[in-house]
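# Geometric and topological summary
Read off the chains here:
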Amino acid sequence: REVDGVRRVVVHPLDGGGPVPFAATPAVASYRWRPDGAAVAFTSLDPMPAGRAAARARGFRPVVVDEDWRHLSLWVVAEGGEPRRLTEGTTVFAFAWSPDGTRLCCACAERNLVDDSYVFQRLFVVDATSGERTPLVDNPGKLGDFAWSPDGRRVAYVSAADRNDPHAGMLYTVDVGSGEVEARTHGFLGMVDGLHATDEGFVAVESVGTRSRVRQLDAAAEHVGVYEPSAPRLAVEAATQRGGRLALAASHRAHPAELFVVEDGVSRRLTDSNPWLAERAFGEQRVVRVRARDGLPIEGLLILPVGYEAGRRYPFVVVAHGGPEAHFQDGWLSGYSQWGQLLAGRGYVSWYPNYRSSTGYGVEFCKRDHGDPMGKEFEDHLDAIAHFDAEGLIDPDRVGIGGGSYGGYTAAWAATRHSERFAAAVSFVPFVDIRTKWLTSDIPWEFYYVHYQEKWPWQQPGLLADRSPLTWAERCRTPLLLLGGTDDSRVHPSQPFMLYRAVAFATDTPVRYVQYPGEGHGNRDNTNRLDYALRTLRWFDHYLKGDGDRRAKAPPPLDVDYPQ
């Protein structure tokens, strides 16, 4: 918390009293207690160079792109002592103490840039006394969680399988002494979402499609057991273990994440953060598998409307996740950008597909979009619509689609290239021209390595133009709601702006672009989150309900009736 205007580590005495600063430190970004509790390691942003600081004080505040950054350095401090700096000339994005408190495993990169945090983090060991930094493993590509074994001999880490792998989802161990690496999940048709050290070894949270489970590992990272929630079916977000007992943070179809403890293989819920949910009606949520036209099985979550009646056809909304290296789990699917039960309460069937290129199904499945953006992966959406139409569940003339980031790209593609299939689209923070998105984003190297086969935009202009919604803007006949933040560094605000202008000038199709001042790649402010959700629901209601030619309707009113 802030102490005298500086973010510092504070402690709360168990015998009462207010918070006490642990030590006088520079502003703390993140921290970890040493295992003996007598010291804290923390990262802090390096001071601004004196000349730059003086210029800023006089009102000169230019931003030098890709160069105007400072390292995030590692420090250590004992209670009440003087902080001691351990690293210079490198950025430490994450770190973990060895069990004996003599060393730290650190995820380091040469620059404190988003792209470096995505694809260039590598593992080092830092001596807690001298600050000597030793390379531990040249992990390929993306890096996830890492943890020391209880005996300090190994570090387990979650990494990409290779530099073209879009996700860090495979588990490895490295022998700290020899540097020997062992792959623990080679060929795993799922992913490791999280890793945590325990007194006995490790626990790993795994996703296998829409299901999640917790794998228990010993100090050598050998399999000990698996806990897979079944009654109730839970989506595990985090797990830890002590004395053979598991503790979980997990969500359910009917509630967001709560705390559970597992005893004798049975989970017991300890918290009830939203008791009012017990008074609400929910639509039934089902795990459904459909077969794509090339025979590939595609899994997803189908949410039926509250009061569902068999034999009746309902308006239908496809909700596409971003990434595309992400996936939906069979848990809580309602929020400002995932409208699950909000749509169910308004009479919609909604579909949350783990289309090809999603995580949770292994490395090969995750790479299935490489070199083919909006190709077969978009056909997965069309094939799901055809599947539910054939079942008599949905009205094919009242199909909507929405999503954010890559999901926004998906919705924009649906509204333009496949406009005849969709009666409404909501596209949040979308990229609409891959060439210019690539060159204005904060993750150009991530694009290069994990999605576009190590080719730059100018090396494949035909493909990227063909797969960009902006190219097909004049074909848009789908009422299109575009939304995004003015400070988005991932997808520049010019992206939705270009599609808005193109559709508005080239067609008579209803189109609206809503900007959220100060927001980045996703809304942080709760009022902006609420506005996005309300505008989305109203857009779908306006164009997917009622009779007549819904596409020809003028957009809904500009202003929103916010709840008091």
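Look a little higher up for the structure.
Residues numbered from 1 in each chain as written. Predicted model: local features only at pLDDT ≥ 70, side-chain atom pairs only at ≥ 80, totals over all residues. Heavy atoms only, no water.

### Observations concerning helix 5 (residues 376-390)
For helix 5, spanning 15 residues, the distance from its first C-alpha to its last is 20 Å, which sits close to the expected 21 Å at 1.5 Å a residue. For helix 5, the set of buried residues is Glu 377, Phe 378, Asp 380, His 381, Leu 382, Asp 383, Ala 384, Ile 385 and Phe 388. Buried residues in helix 5 make contact with strand 25 (285-291), strand 26 (297-303), strand 27 (314-320), strand 28 (349-354), strand 29 (394-404) and helix 6 (406-416). Phi turns positive, to about 80 degrees, at Gly 392, one or two residues after helix 5. (Helix = DSSP H or I, 4+ residues; strand = E, 2+ residues; numbered from the N terminus. Expected span 1.5 Å × (residues − 1). Buried < 20%, exposed > 50% of the residue type's maximum accessible area, 1.4 Å probe, protein only. Contact = heavy atoms within 4.5 Å.)

### Some thoughts on the nonpolar core
Among the nonpolar cores identified, the biggest contains 56 residues, and Leu 302, Phe 316, Trp 351 and Phe 388 are the most heavily contacted of them. In terms of residue count, helix 6 provides more of this core than any other element does, seven residues in total. Setting aside chain neighbours within four positions, we find Phe 316 in contact with Leu 302, Tyr 348, Val 349, Ser 350, Trp 351, Ile 385, Phe 388, Ile 394, Arg 398, Val 399, Gly 400 and Leu 544. (Core = buried A, V, L, I, M, F, W, Y, C linked by side-chain atoms within 4.5 Å.)

### What about the sheet that holds strand 20 (residues 223-227)?
Backbone hydrogen bonds are what pair the strands of a sheet, in a parallel or an antiparallel way. Read across the sheet, four strands follow the order 17-18-19-20 without closing on themselves; strand pairing throughout is antiparallel. The sheet is open, and its two borders are formed by strand 17 (191-197) and strand 20, each paired with just one other strand. Shown here is a sheet whose adjacent strand axes are inclined to one another by a mean of 25 degrees, direction ignored. Here strand 18 (residues 201-208) runs beside strand 19 (residues 211-218); their pairing, made up of eight bridges, is antiparallel. Bridge assignment links Glu 206 to a residue of strand 19, and that residue is Arg 213. (Pairing = 2+ DSSP bridges. Axes fitted to C-alpha atoms, helices over the stretch in contact; angles between N-to-C directions.)

### Remarks on the packing of aromatic side chains
Counted according to the given criterion, the structure contains 35 aromatic pairs. Ring centres of Trp 445 and Tyr 449 lie 5.6 Å apart, and the angle between their planes is 25 degrees; this geometry places the pair in the stacked category. Of the two residues, Trp 445 and Tyr 449 are both situated in helix 8 (residues 444-450); the distance of four residues between them amounts to about one turn of the helix. Between the aromatic rings of Tyr 448 and Tyr 449, the centroid separation amounts to 5.1 Å while the plane-to-plane angle is 75 degrees, which identifies the pairing as edge-to-face. The pair formed by Tyr 448 and Tyr 449 is uniform in burial state, with each residue classed as buried. (Phe/Tyr/Trp six-rings, centres within 6.5 Å; stacked < 30°, edge-to-face > 60°.)

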